[in-house]
Each structure stands twice: as structure tokens, then as C-alpha cells.
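# Fold and contact review
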Amino acid sequence: MSSKVDKYSILLPTYNERENLPIIIWLISQYLTKKDYNFEIIIIDDGSPDGTQEVAKELQKIYGDDVILLRPREKKLGLGTAYVHGIKHASGNFIIIMDSDLSHHPKFIPKFIEKQKEGNFDVISGSRYISGGGVSGWDFKRKLVSRGANFLTQLLLRPGASDLTGSFRLYKKDVLEKLISSCISKGYVFQMEMIIRARQFNYTIGEVPITFVDRVYGESKLGGSEIVQFAKGLLYLFATT
């Protein structure tokens, strides 16, 4: 299938991202327009009290409501359901998921697309843990937690992919729909289960090195409860897969 026929629907779940949203949208537009890719950006806002939706409406006026689709929800309902909601409105045959807080740089999206085409992969995962990848802006403790979590996951689940907890990925649309319907986990563990299920279904996974940058504006949503949730989810997947 040629790149002219392919369309990329980028799902951007948001919560209190009014400062970041104009920047991430501008960057996505710059990098994908330069390559002449056909794309749309679907903003799934979970009732942000900071005016994120108002910013999104202004961006629609600039880029067009055929490029920027605002599909809000009333409240925070979880990442998995945000993707389900976004897919319902996606017209592309490929889905790209990424964070809206500038931790995932849009410059990597063309590399995801090129890698997918090289091997007709079902899933392309951005990885911090392969050669050329890394993190920026993290203190030693957070790096230790991330590395430790990834090491335990590799040891227990042997997933065949290097970065299980990352949320910067490209999927064939039908593949993502099947994976989401098969996943049980919520929140932080959800991304990890998606890769495990992909391996169970014998989907092909390609990896692209990325640099993860700590969020520029706002507060990180990763805390102690997410770490506990991760540990429980890891044990559940170890026992059931």
C-alpha cells in the first residue's frame, strides 16, 4: 500500500495540557507535512479544568477541523478507554499513540513510519533501551525505577521487545483494536500488556530508538500508586501468560 493511500491517525489523550498542546500539534504538523504524510490528530480530553479544550478549539481554527479532531470525555476514565474512544473517530488505517506532554518528540514519527514499511510490521514501538535510545531530564531514582521495572519484566515475561512500559507506538488499526479488546489491565500496566498480547497473537513488532524527555510543563502523573499497580500487573501477567 502506497504512502499516498496510508493515513495516520494520531491519538493524543490529554488532561491539563493547555501549555503543551499548541507546541506538540505544531511539531507533529511540521514533521509529517514535510514528508507529505496524510494524517489527522485526535485530541481525547478527559474534562481538563485548565482550559485544554478551549485551546484545542483554537487550534482547530488554525489547522482545520479535518486535521484536528476534538473528541472530549466528561472525566478521567483511563488510558485504555481513551484509545477505544479515539479509534472510533479515526479514519486512518494506522494509529499512532503518544503522550501530549512533549516527552515524545514528533521527529521520531517519520522513523516509525519508515520502519513499519521496511518489514510491514504490525506494531512499531519507540524504545528507550536499545542503541540510540535514552532518557533526558530524569533523576537517578526515576532511572533506577524504570530500568528495574524493565529488567523484571524481561526476566519474568520474556516479551521479545525491549521497552514494555513506553507509550509511543504505531499500530495497524485492526491490530490495535484486537489488542485493546484482549487487554484486561488499566493505567500504567496497560502498555505492557499490549506488547505481551501482541506476542501471543504472533504480531510482528519493530523497534525504533527514541529519547524520552521529562515533561516540560505540568506535573508528572507517575507516583507511588502507579508503581504498586505495575508490580501487581506484572505478577498477574506472569501468572496468566
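Our subject is the structure that appears above.
First, a word on scope: everything that follows refers to the structure included in this document. What you see is a predicted model; the values in this text were computed from it and never measured.

## Examining the pairing of strand β2 (residues 38–45)
Of all eight residues that make up β2, seven are buried, and the element is covered over most of its length. In this sheet, β2 lies alongside strand β1 (residues 7–14) in parallel orientation, the contact comprising eight bridges. In the sheet register, L11 faces β2, and the bridge partner there is I42. Crossover β1 to β2 through helix α1 (residues 21–34) is right-handed.

## What about helix α4 (residues 109–119)?
Every buried residue of α4 is listed here: I109, P110, F112, I113 and Q116. Each buried residue of α4 lies within a common arc of 155 degrees when the element is viewed along its axis, so the set occupies one face. If you follow the buried residues of α4, they end up packed against β1, α1, β4 (94–97), β5 (123–127), β7 (169–172) and β8 (205–209). Downstream of α4 by a residue or two, N120 has a phi angle that is positive, lying close to 50 degrees.

## Points about the environment of S185
Along the polypeptide, S185 turns up in the loop between α6 (173–182) and α7 (190–200). Each C-alpha atom of the pair S185 and G80 lies 8.4 Å from the other, and the pair is 105 residues apart in sequence. Those residues within four positions of S185 in sequence are excluded, and the remaining contacts are F190 and E193.

## Here we look at the sheet that holds strand β3 (residues 68–70)
On the basis of which strands lie adjacent, the open sheet formed by seven strands has the order β3-β2-β1-β4-β7-β5-β8 and mixed pairing. Of all the strands in the sheet, just β3 and β8 have a single pairing partner and so form its edges. Between one strand axis and the next, the sheet turns through 20 degrees on average, direction left out of account. Of the pairings in the sheet, the one linking β5 to β8 comprises five bridges and is parallel in character. Residue pairing in the sheet places V123 in a bridge with I205 of β8. Against the sheet, α7 engages β4, β7 and β8, with an angle of about 40 degrees to β7.

## A few points about the environment of T211
One can find T211 in strand β9 (residues 211–213). For the pair formed by T211 and S136, sequence separation is 75 residues and the distance between their alpha carbons is 7.0 Å. What T211 contacts, discounting residues up to four positions off in sequence, is S103, F108, G132, G134 and S136.

## Focus: the packing of aromatic side chains
On inspection of all chains with the given rule, the structure shows five aromatic pairs. Taken together, a centroid distance of 5.3 Å and an interplanar angle of 20 degrees make the contact between Y8 and F94 stacked. In this pair, Y8 is assigned in strand β1 and F94 in strand β4, connecting sequence segments 86 residues apart. The same class applies to Y8 as to F94, namely buried. Between F112 and F168 the ring centres are 4.6 Å apart and the planes differ by 40 degrees, which places this aromatic pair in the tilted class. Of the two residues, F112 sits in helix α4 while F168 sits in the loop between α5 (140–157) and β7, which places them 56 residues apart along the sequence. F112 sits in the buried class, given a relative accessible area of 0%. In this structure F168 comes out as buried when scored by relative accessible area, which is 1%.

How each quantity is defined
Residues numbered from 1 in each chain as written. Predicted model: local features only at pLDDT ≥ 70, side-chain atom pairs only at ≥ 80, totals over all residues. Heavy atoms only, no water. Buried < 20%, exposed > 50% of the residue type's maximum accessible area, 1.4 Å probe, protein only. Helix = DSSP H or I, 4+ residues; strand = E, 2+ residues; numbered from the N terminus. Pairing = 2+ DSSP bridges. Right-handed = clockwise from strand over helix to strand, strands pointing away. Arc of directions from axis to C-beta. Contact = heavy atoms within 4.5 Å. Axes fitted to C-alpha atoms, helices over the stretch in contact; angles between N-to-C directions. Phe/Tyr/Trp six-rings, centres within 6.5 Å; stacked < 30°, edge-to-face > 60°.

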